[in-house]
Amino acid sequence: RIFALDRLLKQRRNPVSLPSIEQTLECSPATAKRAIQALRDYLNAPVEYDRAQRGYYYKPEADGEIRFELPGLWLNDSELYALLASYQLLGGFQPGLLTEHIAPLRARIEKLLDSAAPQSRFDAGRRIRMLQSAARPANLENFRTIATAVIARKRLKILYHGRAQDRTTERSVSPQRLVYYRDNWYLDAWCHLRSALRTFSLDRIHPLPYSDIPAEEIPEDTLDGFQAESYGIFSGSPGHRALLRFTPKSARWVADESWHPQQQAKILEDGGFELRIPYSNPTELVMDILKYGPDVEVLEPESLRKAVSDRLKEALKRYE
């Protein structure tokens, strides 16, 4: 509440009324007044009350600037540069998703760097780029609701539209983890409808307000194994092992890639490359195999070989 109140008073140009503070802090009048008192009396913040406008504000310095800062860390210039780089990376995860919360941090860091070393201004936006491919934007309010439930350890009711069956279902889930994977956000959760761990794509979730029912806790090793056992985001117990053979031309790149923590690799005499990968759901694996076109062949199992072959034949028909 202290940090939220500090941010509110700095953002507003005019004095902020007590009802506005209550709404922002989501608390009672008595709690809001205690937060104001703590900010003023214990942290020595220049909080003043304007009787004419019936609101609270920060009293500026003689030059009109507000220099009060909450207690924090002292950082050297290299640490500030690292923070700016982190800001750019956070913003790159999903443009606009965290900007509102971390933009004040960037402005403050840039001001500190300008005063400390103006000759070496670091423009993170120009010097660090994150290029996303086929990202599916997540709704900002939905992301906040889901992230809050994950951290607060509360159950969620969601409406989930599955692409495969093109059907919307209502579910009660115990959120476990938010996962950022291949430029998209996913939620790992215990689904009380299926009585099993499931992965939900955030862009397909419409969350209802989270309840006060505690989320069911899943052991850490179970969560780690949920996606570590099989290939890709579509996890489950690995019932198959794919054997892929890459041509010498593509082997130079594939040999340096990590497709799966439990993969088994072998360099062939002709310069080719063989890769064994455990998987459960073949959807994502098929897509990755197709990327290599004529430079890869599926040797095992026959079902995966047929799935890739059928997709290639369908693609070829469109060009005939």
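Preceding block: the structure.
Residues numbered from 1 in each chain as written. Predicted model: local features only at pLDDT ≥ 70, side-chain atom pairs only at ≥ 80, totals over all residues. Heavy atoms only, no water.

**Quick word on the overall build of the protein**
As a reminder of what qualifies: To qualify as a helix, a DSSP run of H or I must reach at least 4 residues; to qualify as a strand, a run of E must reach at least 2; elements of each kind are numbered from the N terminus. We call a residue buried when its accessible area falls under 20% of the maximum for its residue type, exposed when it is over 50%, and partly exposed in between, using a 1.4 Å probe and counting protein chains only. Contacts are assigned to residue pairs with any non-hydrogen atoms lying within 4.5 Å of each other. Under the convention used here, a 1.4 Å probe and the Shrake-Rupley method define accessible areas, while residue burial counts only the protein chains that appear.
Each helix and strand counted, the protein has eleven helices and eleven strands in total. Looking at the protein as a whole, 35% of its 320 residues qualify as buried. For the protein, the share of sequence-separated contacts (at least 6 apart) that also reach a separation of at least 24 residues comes to 58%. For the protein, the exposed area adds up to about 20000 Å²; of that, 51% sits on carbon and sulfur atoms.

**Things to note about the packing of aromatic side chains**
Applicable threshold: For this analysis, a ring pair means two rings from Phe, Tyr or Trp (six-membered ring only for Trp) whose centres lie within 6.5 Å, classed as stacked if their planes differ by under 30 degrees, edge-to-face if by over 60, and tilted for the remaining angles.
Inspection of the entire model under this criterion finds nine aromatic pairs. Seen from their ring centres, Phe246 and Tyr292 are 5.3 Å apart, and the 80 degrees between their planes marks the pair as edge-to-face. With a gap of 46 residues between them, Phe246 in strand β8 (residues 240-246) and Tyr292 in the loop between α10 (283-291) and β11 (296-300) connect regions that are remote in the sequence. A relative accessible area of 2% means that Phe246 is categorised as buried. Connected via pairs of aromatic rings, a cluster forms that spans Phe143, Tyr180 and Trp185.

**Things to note about unusual backbone geometry**
In the segment running from Glu300 into Pro301, the intervening peptide bond is cis, with an omega of -15 degrees. We note that Arg54 has phi near 50 degrees; this positive angle belongs to a residue other than glycine. Relative to the helices and strands, Arg54 resides in the loop between β1 (47-50) and β2 (55-58). For Arg153, which is not glycine, the phi torsion reads 60 degrees and is therefore positive.

**Examining the sheet that holds strand β7 (residues 205-208)**
This is how it is decided: The rule for pairing is simple: two strands pair if DSSP sees at least two bridges between them. Interaxial angles span 0 to 180 degrees and are taken between N-to-C directions of axes, which are lines fitted to C-alpha atoms, for helices over the stretch in contact.
Read across the open sheet, the five strands follow the order β6-β5-β4-β3-β7; overall the sheet is antiparallel. Of all the strands in the sheet, the pair left with one neighbour each is β6 (196-201) and β7. Adjacent strand axes in the sheet meet at a mean angle of 45 degrees when their direction is disregarded. Of the pairings in the sheet, the one linking strand β3 (residues 156-162) to β7 comprises four bridges and is antiparallel in character. Following the sheet pairing, Ile158 is matched in β7 by Pro207.

**With respect to the side chain of Glu22**
Selection rule: Note on charges: Lys and Arg go in the positive column, Asp and Glu in the negative column, and His and the chain ends are not counted at all. In what follows, salt bridge is the name for a side-chain nitrogen of Lys or Arg lying within 4 Å of a carboxyl oxygen of Asp or Glu.
Relative to the helices and strands, Glu22 is located in helix α2 (residues 18-25). The buried charged residue Glu22 lacks any salt bridge, with Lys33 as its nearest oppositely charged partner at 7.2 Å. With residues near it in sequence (within four places) discarded, Glu22 still touches Cys27, Ser28, Pro29 and Ala32.

**Quick word on the pattern of salt bridges**
Scanning all chains against the criterion turns up 17 salt bridges. Of the charged contacts, one joins Arg153 and Glu217 as a salt bridge, the two residues approaching to 2.9 Å between their closest N and O atoms. Residue Arg153 is found in the loop between α7 (140-152) and β3, and its partner Glu217 is found in the loop between β7 and α8 (220-228); the two are separated by 64 residues along the sequence. Arg153 gets classed as partly exposed once you look at its relative accessible area, which sits at 22%. Note that Arg177 is salt-bridged to Glu220, the shortest N-O span being 2.9 Å. On the criterion of sequence distance, the pair formed by Arg177 in strand β4 (residues 167-181) and Glu220 in helix α8 is long-range, its members being 43 residues apart.

**Points about the sheet that holds strand β9 (residues 264-267)**
Spatial strand order, β9-β10-β8-β11: four strands in an open sheet with antiparallel pairing. Every other strand in the sheet has two partners, leaving β9 and β11 as the edge strands with one partner each. Across the sheet, the axes of successive neighbouring strands diverge by a mean angle of 20 degrees, strand direction being ignored. Against the sheet, helix α11 (residues 302-317) contacts β8, β10 (273-279) and β11, and its axis sits at roughly 150 degrees relative to β11.

**Let's talk about α10**
Because each turn of an α-helix spans 3.6 residues, side chains separated by three or four positions in sequence point in the same direction. Three or more residues of α10 are buried, namely Glu284, Leu285, Val286, Asp288 and Ile289. Looking at the buried side of α10, the elements it contacts are β4, β8, β10, β11 and α11. Where α10 terminates, the next one or two residues include Gly293, which has phi positive at roughly 50 degrees.

**Topic: the packing of α10 against α11**
Put simply, the rule is: Should an angle lie under 35 degrees it is considered roughly parallel, over 145 roughly antiparallel, and from 65 to 115 roughly perpendicular; all remaining angles are considered oblique. Each helix crossing is assigned a hand: it is left-handed if the near helix lies turned anticlockwise from the far helix by less than a right angle, otherwise right-handed if that turn is clockwise.
With their axes 10 Å apart at the nearest point, α10 and α11 run at an angle of 55 degrees to one another. Taken together, the axis directions place α10 and α11 in an arrangement best described as oblique. Seen from above, α10 lies across α11 with right-handed handedness. Taking contact as the criterion, the partners of Leu285, Val286, Ile289 and Leu290 in α10 are, on α11, Leu304, Ala307, Val308, Arg311 and Leu312.

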